[in-house]
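Summary of structural features
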Amino acid sequence: MKAVPWFRVSLALCFTFLAIPRTGGYIVDPGPVVKATKGEIWPKPRNQTSSQQYYTIKTGSFVFQSMNYSCDLLDKALDRYQKIVLSIGNTTRRAMLNRGYSFHSRNELRTTSHANRSWRSDANWAGYIEQVQVDLKAPCEELPHLSMDEEYTINIDDFQARLSSFSVWGMLRALESFSQMVVLSDDGSMLRINSTTVDDGPRFSHRGLLVDTSRHFIDTCTLVKILDGMAYNKLNVFHWHIVDDHSFPYESKAFPELSEKGAYHPSMVYTQSDIQMIIEEARLRGIRVMSEFDTPGHTRSWGVSHPELLTECYDQYRGKLGPMDPTRESTYTFLSNLFREVIEVFPDQYVHLGGDEVGFECWASNPNILEYMKQNRLYSFEMLEEKFIQRIVDQIDALNRSSLVWQEVYVNGVRLPKGTVVHVWTGNRQDLLNKITRDGLPALLSSCWYLDHLSTGGDWRKFYNCDPHDFIGTGQQKSLVLGGEACMWSEVVNGHNILPRIFPRVSATAEKLWSPASVNSADEAARRLEEQTCRMNHRGIPAQPPNGPGFCL
């Protein structure tokens, strides 16, 4: 039998496929799948009233004018946001210039090929805004903290624009919201802002992003970009998972050999000056930096310089090192000295102690561990882990700091001091949140916000459809849920792809943690997220498209 040429078979299959009607068809409209809003705030404010009346930003003389209290933090924020506001539309303006448009004044852009469109004759045009009054009603605080006040109001009416807050942290959020309301007009002739009243504040006090810098080292420039993106989404906790099994990039003052031997490369170390720079850049954006030094597991990189800290494995694991050795007093002495340094370097009240995914294989193979357990009547490895964690939690408590721990610590029965936060990352989150808060402990949620878990298309919706209060419990229990964190574990991200992996997917988490519970329509959010993504792009954040085909001007 003569063979049929492969290309004829391919063409036949192709035409056969095209001839078969698909279920539901494939009929689309031209243009973007989701049309972006214009001048909408992300996260959605608690209360906002706007009208069709609008004002023109007089770019040649526009300024934020500080009233009442001020400080270096606010002054730097005003300078930063003035640059952001005045840069709005620059990309579009450049494109229009390339298409035959020309600037005739600092406040007007006209086309050379069309009649002048005078927005001054528009009945909705109310006039110019040259100055925004920044009314900070109380002295600045030095450091952001868990209970910081982030409430603010915005009033744009009667030829005036006023931002008001009793806290510098609230003023930072007001500046961000104001900057998001300023847009370039459709014809590119002006920056405009609608007459608006906003009364806003967050639903949850802890709105975080975990970034893992151990699996892949993330350079400090990229970390600052992440802080920028967090500020644009009103996130306020940078959870720095700074070390783990694979590398130890933290430069310790007391134990410099940890990074000298445990980092991937001498160039992949966070020096003390690097860390202080990140803490300061975060502070200027109203973001806390919370460190995590995970123990007793996830510590293999510690053992490169200090193998005595880890458990020697026997039997089939001979030659390997496992979790920290909880039977040696020298282990606790070492950790006490390290954590004493950590609380001096990181000023936040909270230290994340980890405590998750502790493998028991080496403990089970080590005769010294087994003898210790027998002598101390520890009948399970969970009891041994409990004994270790209890010592570490007590160390942090003695240093007048508060601990966060992953959920395993709570599940394994460690007696946690009052105020210790339990971080939920896996399993039945509703059941865990109910049990943790029923025991009077505060909780954080992350299990539904793992940014390393990828789905096809705009997978931000799965993050948007998760709520920290979605569990059975009393009002008192739900008040113990401090908020949550999105987690960017770095097994498959590095400095080249971490930003588009985080943004705009973390924006969904940010809105769920800021906006009222009644803000729960992903379809409505999609248009605003389309705008927020373009906004981040214009500000230098390479956020990936959230909804499919579309464009940013």
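Residues numbered from 1 in each chain as written. Predicted model: local features only at pLDDT ≥ 70, side-chain atom pairs only at ≥ 80, totals over all residues. Heavy atoms only, no water.

Considerations on the packing of aromatic side chains
Overall, the coordinates contain 21 aromatic pairs when judged by the stated rule. Seen from their ring centres, phenylalanine 62 and phenylalanine 64 are 5.2 Å apart, and the 75° between their planes marks the pair as edge-to-face. On the basis of an interplanar angle of 90° and a centroid distance of 6.3 Å, the ring pair of tryptophan 240 and phenylalanine 346 is categorised as edge-to-face. With tryptophan 240 in strand 12 (residues 237–241) and phenylalanine 346 in the loop between helix 8 (329–345) and strand 16 (350–352), this residue pair connects regions lying 106 residues apart in the sequence. As far as burial versus exposure is concerned, tryptophan 240 and phenylalanine 346 are alike and both buried. What links up through ring pairs into an aromatic cluster is the set Phe217, Phe238, Trp240, Phe248, Tyr250, Tyr270, Phe293, Trp302 and Phe346. Positioned above the aromatic ring of tyrosine 332 is the side chain of arginine 391, whose terminal nitrogen or guanidinium carbon lies 4.1 Å from the ring centre. Positioned above the aromatic ring of tyrosine 464, the side-chain terminus of lysine 512 is 4.7 Å from the ring centre. (Phe/Tyr/Trp six-rings, centres within 6.5 Å; stacked < 30°, edge-to-face > 60°. Helix = DSSP H or I, 4+ residues; strand = E, 2+ residues; numbered from the N terminus. Buried < 20%, exposed > 50% of the residue type's maximum accessible area, 1.4 Å probe, protein only. Lys NZ or Arg CZ within 6 Å of the ring centre and 35° of its normal.)

A closer look at unusual backbone geometry
A cis amide bond links tryptophan 42 with the next residue in sequence, proline 43, at an omega value of -5°. With respect to the element layout, proline 43 can be found in the loop between helix 1 (6–19) and strand 1 (47–57). The omega angle of the peptide bond from phenylalanine 503 to proline 504 is 5°, so this bond is cis rather than trans. Mapped onto the elements of the fold, proline 504 is located in the loop between helix 16 (498–502) and helix 17 (505–514). Although it is not a glycine, asparagine 68 adopts a positive phi angle of roughly 55°. We classify asparagine 68 as exposed; its relative accessible area is 61%.

Quick notes on the nonpolar core
Phe64, Phe178 and Trp302 are the most contacted members of the largest nonpolar core, which has 132 residues in total. Two domains share this core, each providing at least three of its residues, namely domain 1 (47–99 + 121–200) and domain 2 (206–539). In this structure, phenylalanine 64 is in contact with Leu78, Tyr81, Gln82, Val85, Val132, Val134, Leu163, Leu175 and Phe178, ignoring residues within four places of it in sequence. (Core = buried A, V, L, I, M, F, W, Y, C linked by side-chain atoms within 4.5 Å. Domains from an automatic or database assignment. Contact = heavy atoms within 4.5 Å.)

Some points on the confidence of the model for the protein chain
Counting all residues, the mean pLDDT for the protein chain is 91, and 90% of those residues have values of 70 or more. For the stretch residues 1–22, pLDDT sits under 50, and the model shows two contacts to residues farther than four places along the chain or on other chains. Below pLDDT 50 for its whole length, residues 105–116 participates in 27 contacts with residues either more than four positions away or in separate chains. (pLDDT = per-residue confidence, 0-100.)

Looking at the UniProt feature "active site" (unreviewed entry) in the protein chain
What UniProt calls "active site" (unreviewed entry) maps, in this numbering, to Glu357. By secondary structure assignment, the location of glutamate 357 is in the loop between strand 16 and helix 9 (361–365). Each residue touching glutamate 357, except ones within four places of it in the same chain, is listed here: His298, Glu408 and Trp425. (UniProt positions renumbered as here; feature names shortened; annotations may be inferred.)

Quick notes on the state of the cysteines
With the rule as written, the count across this model stands at four disulfides. Paired by a disulfide, cysteine 313 and cysteine 362 hold their sulfur atoms 1.5 Å apart. Classification of the bridge connecting cysteine 313 and cysteine 362 rests on its S-S torsion, roughly 70°, and on that basis the disulfide is right-handed. Taken together, the positions of cysteine 313 in the loop between strand 14 (310–312) and strand 15 (321–324) and cysteine 362 in helix 9 put the pair 49 residues apart, joining distant regions of the chain. Between the sulfur atoms of cysteine 534 and its disulfide partner cysteine 552 the distance amounts to 1.9 Å. Taking the sign of the torsion about the S-S bond as the criterion, the disulfide between cysteine 534 and cysteine 552, at about -80°, is left-handed. Here cysteine 552 lies in the segment after helix 18 (522–538) and cysteine 534 lies in helix 18, a separation of 18 residues in the sequence. (Disulfide = S-S within 2.5 Å.)

Some words on the domain arrangement of the protein chain
We note that the domain assignment places domain 1 (47–99 + 121–200) and domain 2 (206–539) within the protein chain. Each of domain 1 and domain 2 was reduced to a C-alpha centroid, and the two centroids are 35 Å apart. Between domain 1 and domain 2, the residue contacts involve 23 residues of the former and 23 residues of the latter. In total, about 2,000 Å² of surface goes out of reach between domain 1 and domain 2, with carbon and sulfur atoms giving 52% of it. When residues of domain 1 are sorted by the area they lose upon contact with domain 2, Leu146, Arg173 and Gln180 head the list and together hold 30% of the total. Residues arginine 539 and glutamate 176 are paired through a salt bridge, measuring 3.0 Å at the closest nitrogen-oxygen approach. Counting across the domain 1 and domain 2 interface gives twelve residue pairs in polar contact (both at pLDDT 80 or more). (Buried area = accessible area lost by both parts, 1.4 Å probe. Salt bridge = Lys/Arg side-chain N within 4 Å of Asp/Glu carboxyl O. Polar contact = N/O pair within 3.5 Å; in protein donor to acceptor, adjacent residues only side chain to side chain.)

Side note on the side chain of glutamine 532
Inspection of the secondary structure assignment puts glutamine 532 in helix 18. With residues up to four places along the chain from it excluded, the contact list for glutamine 532 reads Trp42, Gln180, Tyr232, Asn233 and Ser507.

Comments concerning the pairing of strand 8 (residues 160–165)
Consecutive side chains along a regular strand alternate between the two faces of the sheet. For strand 6 (residues 131–136) and strand 8, the ladder comprises five bridges, and the chain directions are parallel. Looking across to strand 8, one finds that aspartate 135 is bridged to serine 164. Count of turn residues in the strand 7 (residues 152–157)/strand 8 antiparallel hairpin: two residues, of which aspartate 158 carries a positive phi of about 50°. (Pairing = 2+ DSSP bridges.)

What to know about the layout of surface pockets
When its volume is computed, the largest pocket comes out at roughly 970 Å³. Taken together, 36 residues line the largest pocket, and the ones lying closest to its centre are Thr37, Lys38, Glu531, His538 and Leu553. Only helix 2 (72–87), helix 4 (168–181), strand 9 (183–184), helix 5 (220–232) and helix 18 provide two or more residues apiece to the lining of the largest pocket. Looking at the lining of the largest pocket, the element that brings in the most residues is helix 18, giving six residues. Per-class residue counts for the lining of the largest pocket are 15 nonpolar, eight polar and 13 charged. Each of domain 1 (47–99 + 121–200) and domain 2 (206–539) contributes no fewer than three residues to the lining of the largest pocket. (1 Å grid on protein atoms, 1.4 Å probe; cavity = no way out; pocket = protein on both sides within 12 Å on 5 of 7 lines; lining within 4 Å. Points joined across faces, edges and corners; volume = space filled by probe spheres on them. Nonpolar A, V, L, I, M, F, W, Y, C, P; charged D, E, K, R; others polar.)

What to know about the side chain of glutamate 485
With respect to the helices and strands, glutamate 485 occurs in strand 20 (residues 481–488). As a buried residue without a salt bridge, glutamate 485 has its nearest oppositely charged side chain in arginine 288, at a separation of 7.3 Å. There is a polar contact of 2.8 Å between the side chain of glutamate 485 and the side chain of histidine 206. Beyond its immediate sequence surroundings of up to four residues, glutamate 485 is in contact with His206, Gly208, Leu209, Leu210, Val237, His239, Met290, His423, Leu444, Leu445, Ser446 and Trp449. (Lys, Arg positive; Asp, Glu negative; His and termini not counted.)

Looking at helix 7 (residues 272–284)
Given a rise of 1.5 Å per residue, 13 residues ought to cover 18 Å, and the 18 Å separating the end C-alpha atoms of helix 7 matches this to within 8%. Among the residues of helix 7, Gln272, Ile275, Ile278, Ile279, Ala282, Arg283 and Leu284 are the ones counted as buried. Considering only its buried residues, helix 7 is in contact with helix 2, helix 4, helix 5, strand 12, strand 13 (288–292) and helix 8. Glycine 286 sits one or two residues past helix 7 and shows a positive phi near 70°. (Expected span 1.5 Å × (residues − 1).)

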